[in-house]
Amino acid sequence: GAQRGEKIADVCAGRGAKSWSLAATGAHVTAVDVSADKLRQATRLVEQSGNALAATIAADLRRAGAGQLSPLAGSFDRVLVDAPCTGLGTVRRRPEIRHRRRAADILAAAQLQRQILPNAARLVAPGGLLLYAVCSMTAEEGAGTIGRFLASHPQFEREPASLDWLVSALDSRGDLRTHPLWRGADAFYAARLRRQPSSSAKRPIC
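Residues numbered from 1 in each chain as written. Predicted model: local features only at pLDDT ≥ 70, side-chain atom pairs only at ≥ 80, totals over all residues. Heavy atoms only, no water.

### Remarks on the packing of helix α4 (residues 103-121) against helix α5 (residues 143-152)
The N-to-C vectors of α4 and α5 enclose an angle of 45 degrees; their axes lie 10 Å apart at closest approach. With respect to α5, the element α4 is oriented oblique. Of the two possible hands of crossing, α4 and α5 adopt the one that is right-handed. The residues of α5 that touch α4, namely those facing Ala 110, Gln 113, Arg 114, Leu 117, Pro 118 and Ala 121, are Gly 144, Thr 145, Ile 146, Arg 148 and Phe 149. Here the contact of α4 with α5 is built from residues that sort into six nonpolar, three polar and two charged. (Axes fitted to C-alpha atoms, helices over the stretch in contact; angles between N-to-C directions. Helix = DSSP H or I, 4+ residues; strand = E, 2+ residues; numbered from the N terminus. Parallel < 35°, antiparallel > 145°, perpendicular 65-115°, else oblique. Left-handed = near helix turned anticlockwise from the far one by under 90°. Contact = heavy atoms within 4.5 Å. Nonpolar A, V, L, I, M, F, W, Y, C, P; charged D, E, K, R; others polar.)

Laid out in structure tokens, this is it:
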């Protein structure tokens, strides 16, 4: 749903595939990642498509201070958090994952996601959208993380996507859950959250 002219933060941007897609809509995209090297790759990828990033910021979203992000609190129309995860939803294409992952990895990934998500949420402007996504089907990394977040952040509410092709993949809460039996997709989870306009416009990030 990105629109031309919107300010969007692609948190956990990695090498820029999502930033590339968002920038192609005409949105002003700021790519954020803990790795400066990945951000350089993201910049090159977007520029090769004839677009440009509004900014890149190397920051560790596990830390509430998050350096350069502090002045940007409450300033983005949309924030995408494609969080680090176990990748268990891609097992049909990457069967070796089942031999590399242990139960402890799921809990560690969920803890990391629960550190990142609240700090990313501070970037969302009142009335803006927060999209959280993981390529995993585990409850701990998906609905469990979102449930904990909403319980402690009442200024955010679920706002399910209304696109016709997505409606059939929404669960009873309105969260997206894909599955290999649905159009041959990987098993992904995503939640779309709206920050209510009545929440304060500027909330300190630290």
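Still to come is the rest of the account.
### Details of the pattern of salt bridges
As enumerated under the stated definition, the model contains 13 salt bridges in all. Several salt bridges share partner residues, and in doing so they unite Asp 60, Arg 62 and Arg 63 into one network. (Salt bridge = Lys/Arg side-chain N within 4 Å of Asp/Glu carboxyl O.)

### Notes on the side chain of Asp 186
Inspection of the secondary structure puts Asp 186 in the loop between β7 (176-177) and β8 (189-195). With relative accessibility at 8%, the residue Asp 186 sits in the buried group. At 2.6 Å, the side chain of Asp 186 forms a polar contact with the side chain of Arg 93. Ignoring any residue separated from it by four or fewer positions in sequence, one finds Asp 186 in contact with Gly 89, Thr 90, Arg 92, Arg 93, Thr 178, His 179 and Pro 180. (Buried < 20%, exposed > 50% of the residue type's maximum accessible area, 1.4 Å probe, protein only. Polar contact = N/O pair within 3.5 Å; in protein donor to acceptor, adjacent residues only side chain to side chain.)

### A closer look at the packing of aromatic side chains
Using the criterion set out here, one finds two aromatic pairs in the structure. For the ring pair Tyr 132 and Tyr 189, a centre distance of 6.5 Å and an interplane angle of 65 degrees mean the geometry is edge-to-face. Placement of the pair is Tyr 132 in strand β5 (residues 124-134) and Tyr 189 in strand β8, with a sequence separation of 57 residues. Residue classification places Tyr 132 among the buried residues on the basis of a relative accessible area of 0%. In this structure, Lys 7 is placed above the aromatic ring of Phe 76, and the distance from its NZ or CZ to the ring centre is 5.4 Å. (Phe/Tyr/Trp six-rings, centres within 6.5 Å; stacked < 30°, edge-to-face > 60°. Lys NZ or Arg CZ within 6 Å of the ring centre and 35° of its normal.)

### Quick look at the confidence of the model for the protein
Considering every residue of the protein, the mean pLDDT works out to 91; 94% of them sit at 70 or more. Summarising per-element confidence for the protein, the mean pLDDT is lowest in helix α6 (residues 164-167) (75) and highest in strand β4 (residues 76-82) (98). Below pLDDT 50 for its whole length, residues 199-206 participates in 24 contacts with residues either more than four positions away or in separate chains. (pLDDT = per-residue confidence, 0-100.)

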